[in-house]
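One-letter residues, chain by chain:
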Amino acid sequence: MSSITSNTLQIVDDSRTLIGVTYISGSAVVTSGESYIDSAAIGVSGNVWTITFAADRKGSSDVATSFNNASGGTAYVYAASGGGGTPEKLNFYFTLELTFSTAQGNATVSLNTGQGHFALSNNWWLGGSIVTSSVPCLTIPVGSAATLELPLSGSTSSFTFGPGTIA
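From a predicted model like this one, the values you see are computed outputs, not experimental measurements.

Some details on the nonpolar core
The tendency in soluble globular proteins is for nonpolar side chains to be buried as a group.
Here's step 1: Ranked by internal contacts, the top residues of the largest apolar core, which has 34 residues, are F94, L98, F100, L138, I140 and F161.
Here's step 2: With five residues, the top contributor of residues to this core is strand β7 (residues 92–102).
Here's step 3: In this structure, V63, L90, Y93 and W125 belong to the second largest nonpolar core, which totals eight residues.

Have a look at this one:
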């Protein structure tokens with residue numbers, strides 16, 4: 001039996017507010033018939049988080065539809081490369097729990113991360129209520145009255161959380 005494909009996503013936290021990343025067990029949605037492992041290896045070096053998910057890749061519109069619905073639709077999904085609108089096909093997606101620390105307190109939020117295919121490479125998508133696609137950013141509620149806004153940019157396999165502002 002051949003090994004399952006390793007898929008790596010990087011998050012560069014230039015905001016210096018991300019203090020934890022956890023894979024939500026049981027959250028993976030993978031194209032029917034493809035092998036995967038329901039966990040992710042997560043590491044951090046400085047401000048660079050590396051998430052590695054083992055799953056074989058085959059694009060599926062069913063997986064993309066599930067991701068789009070779980071994320072809230074076009075306004076709440078973003079791909080830095082090959083994005084625009086919503087993905088038509090994804091190989092898989094899963095949910096991460098991100099914890100941010102600010103002077104106003106800590107916040108833990110969910111973020112859907114999915115892998116599709118664009119041009120000659122696999123591209124990653126982010127989705128969920130904290131994602132704003134029109135002005136790429138994350139909006140994280142902190143405490144009872146504050147919001148952390150982080151500009152979002154990236155490439156096919158990495159996202160950068162820019163220095164944030166508290167509103």
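There is more to say, and it comes next.
Remarks on helix α1 (residues 61–71)
Here's step 1: Where α1 is concerned, the buried positions are V63, A64, F67, N68 and S71. What you see down the axis of α1 is that its buried residues fit within an arc of 135°, all on one side. Pointing more than 90 degrees away from the buried face of α1 are the exposed residues D62 and N69.
Here's step 2: Buried residues in α1 make contact with β3 (29–30), β6 (77–78), β7, β8 (105–115) and β9 (124–127).
Here's step 3: Where α1 starts, the residue carrying a side-chain oxygen 3.1 Å from the main-chain nitrogen of D62 turns out to be S60.
Here's step 4: With its phi angle positive at about 110°, G72 sits one or two positions after the end of α1.

Side note on the environment of Q10
Here's step 1: Tracing the backbone through its elements, the reader meets Q10 in strand β1 (residues 6–13).
Here's step 2: Q10 sits in the partly exposed class, given a relative accessible area of 33%.
Here's step 3: Each C-alpha atom of the pair Q10 and F159 lies 6.4 Å from the other, and the pair is 149 residues apart in sequence.
Here's step 4: In contact with Q10, other than residues within four places in its own chain, are V48, W49, T50, S157, S158 and F159.

A short note on the pairing of strand β13 (residues 158–161)
Here's step 1: Burial along β13 is two-sided: S158 and T160 and F159 and F161, pointing in opposite directions, are all buried.
Here's step 2: Direction of pairing for β1 relative to β13: parallel, over a ladder of four bridges. Considered in β13, the bridge of I11 is made with F159.
Here's step 3: Bridge analysis of strand β12 (residues 146–154) against β13 gives three bridges, and the strand direction is antiparallel. What sits directly across from G154, in β13, is F159.
Here's step 4: Turn length for the β12-β13 hairpin, with the two strands adjacent in sequence and antiparallel, is three residues.

What about the environment of I130?
Here's step 1: Mapped onto the elements of the fold, I130 is located in the loop between β9 and β10 (131–132).
Here's step 2: A C-alpha to C-alpha distance of 8.4 Å links I130 and P141, two positions 11 residues apart in sequence.
Here's step 3: Apart from the residues within four sequence positions on either side, I130 is in contact with V109, S110, L111, C137, L138, T139 and I140.

Some words on unusual backbone geometry
Here's step 1: Even without a glycine there, the phi angle at R16 is positive, about 60°.
Here's step 2: Of note, R16 is situated in the loop between β1 and β2 (18–23).

Quick word on the pairing of strand β5 (residues 48–55)
The side chains of a regular strand alternate, residue by residue, between the two faces of the sheet.
Here's step 1: By the bridge criterion, seven bridges tie β1 to β5 in an arrangement that is antiparallel. Within the sheet, the bridge partner assigned to T8 lies in β5 and is T52.
Here's step 2: In terms of strand pairing, strand β4 (residues 36–45) meets β5 through seven bridges, oriented antiparallel. Paired with S45 across the strands is V48, a residue of β5.

Thresholds applied
- Residues numbered from 1 in each chain as written.
- Predicted model: local features only at pLDDT ≥ 70, side-chain atom pairs only at ≥ 80, totals over all residues.
- Heavy atoms only, no water.
- Core = buried A, V, L, I, M, F, W, Y, C linked by side-chain atoms within 4.5 Å.
- Buried < 20%, exposed > 50% of the residue type's maximum accessible area, 1.4 Å probe, protein only.
- Helix = DSSP H or I, 4+ residues; strand = E, 2+ residues; numbered from the N terminus.
- Arc of directions from axis to C-beta.
- Contact = heavy atoms within 4.5 Å.
- Polar contact = N/O pair within 3.5 Å; in protein donor to acceptor, adjacent residues only side chain to side chain.
- Pairing = 2+ DSSP bridges.

Treat this as a map of the structure, not an account of what it does.
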